[in-house]
Amino acid sequence: MRRIEESNSLISKLNPDNYQLSNPAVRAEVEKLYGGLVEEVGHTNFEFKITGGDRYIGSDGKVYSSTDNSWVQNSKMNSKHLIKNGARAVDLRIRGLDEQSFYKALERTNFHPRGIFNGVTRYTRRLLYEYDRHTHIFLK
Ligand SMILES: [Zn+2]
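Residues numbered from 1 in each chain as written. Predicted model: local features only at pLDDT ≥ 70, side-chain atom pairs only at ≥ 80, totals over all residues.

### Some points on the overall build of the protein
- Along the backbone of the protein there are three helices and seven strands.
- Its helices and strands in sequence order give the protein the pattern α-α-β-β-β-β-α-β-β-β, from N to C terminus.
- Within the protein, the fraction of its 140 residues that count as buried is 26%.
- Within the protein, contacts between residues at least 6 apart in sequence are counted, and of these 61% link residues at least 24 apart. (Helix = DSSP H or I, 4+ residues; strand = E, 2+ residues; numbered from the N terminus. Buried ≥ 20, exposed ≤ 12 C-beta atoms within 10 Å, placed from the backbone. Contact = placed C-beta atoms within 7 Å.)

Here you go:
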């Protein structure tokens with residue numbers, strides 16, 4: 001039980017706005033990513049915050065956040081954030097780190113090594129949301 005409480009405590013710290021992340025593998029891998037980053041850089045003096053989680057398609061055919069039922073304007077209909085697609089994606093705001101450390105830590109997780117870091121996409125620009133720059137990663 002103690003291990004679970006500690007684990008919940010870490011994910012809660014990384015998710016201060018309580019975005020819904022129903023997939024336990026996503027929660028575990030976010031913790032692993034954070035731990036890997038701390039190991040890579042040797043300190044915790046950086047920003048790491050969950051800024052997006054599960055989504056669903058409403059009866060009107062639009063994509064909504066499972067967290068607060070708000071319309072997610074730029075979400076794709078096949079988004080990996082969707083619960084029907086396994087709720088495999090998470091959005092993060094990470095600042096104060098070099099990009100290389102981020103990708104080293106990411107490679108130690110089961111997240112797909114593609115995303116946006118400090119507003120710059122490593123492998124593709126298709127995922128860059130101009131109105132809300134963030135890192136979008138998802139489980140393979
Ligand atoms: Zn996303």
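### A word on the environment of Gly-36
- Residue placement: Gly-36 occurs in helix α2 (residues 24-41).
- What makes Gly-36 partly exposed here is the crowd of 19 C-beta atoms within 10 Å.
- Not counting the four nearest positions on each side in its chain, Gly-36 is found in contact with Ala-105, Arg-108 and Thr-109.

### Quick look at the packing of α2 against helix α3 (residues 99-107)
- With their axes 8 Å apart at the nearest point, α2 and α3 run at an angle of 130 degrees to one another. Considered as vectors, α2 and α3 are oriented oblique to each other. Both α2 and α3 take part in a crossing whose hand is right-handed. Counted together, Leu-33, Gly-36, Leu-37, Glu-40 and Val-41 of α2 and Ser-101, Phe-102, Lys-104, Ala-105 and Leu-106 of α3 form the full contact between these two elements.
- Class assignment for the residues of the contact of α2 with α3 results in six nonpolar, two polar and two charged. (Axes fitted to C-alpha atoms, helices over the stretch in contact; angles between N-to-C directions. Parallel < 35°, antiparallel > 145°, perpendicular 65-115°, else oblique. Left-handed = near helix turned anticlockwise from the far one by under 90°. Nonpolar A, V, L, I, M, F, W, Y, C, P; charged D, E, K, R; others polar.)

### Topic: the environment of Val-41
- Locating Val-41 in the fold gives a position in helix α2.
- As for Val-41 and Ala-105, which are separated by 64 residues in sequence, their C-alpha atoms are 9.8 Å apart.
- Excluding residues within four positions of it along the chain, Val-41 makes contact with Phe-46, Leu-97 and Ser-101.

### A closer look at the environment of Met-77
- Mapped onto the elements, Met-77 comes out in the loop between β3 (63-65) and β4 (89-95).
- For the pair formed by Met-77 and Lys-62, sequence separation is 15 residues and the distance between their alpha carbons is 7.9 Å.

### Side note on unusual backbone geometry
- Although it is not a glycine, Asn-18 sits at a positive phi angle of roughly 55 degrees.
- Looking at the secondary structure, you find Asn-18 in the loop between α1 (2-14) and α2.
- Judged by local crowding, Asn-18 falls into the exposed class, with 11 C-beta atoms found within 10 Å.
- Phi at Asn-69 is positive, roughly 60 degrees, even though this residue is not glycine.
- Positionally, Asn-69 belongs in the loop between β3 and β4.

### Re the nonpolar core
- Val-30, Leu-33, Leu-37, Val-90, Leu-92, Leu-106 and Ile-137 are the most contacted members of the largest nonpolar core, which has 19 residues in total.
- Secondary-structure elements contributing two or more residues to this core are α2, β1 (47-52), β4, α3 and β7 (135-138).
- Looking at this core, the element that brings in the most residues is α2, giving five residues.
- For Val-30, the contacting residues outside a window of four places in its chain are Ile-11, Leu-14, Ile-50 and Val-90. (Core = buried A, V, L, I, M, F, W, Y, C linked by C-beta atoms within 7 Å.)

### Describing the confidence of the model for the protein
- Averaged over every residue, the pLDDT of the protein is 83; residues scoring 70 or more account for 79%.
- Of the regions scoring below 50 in pLDDT, residues 123-131 engages in eleven contacts with residues more than four places distant in sequence or in other chains. (pLDDT = per-residue confidence, 0-100.)

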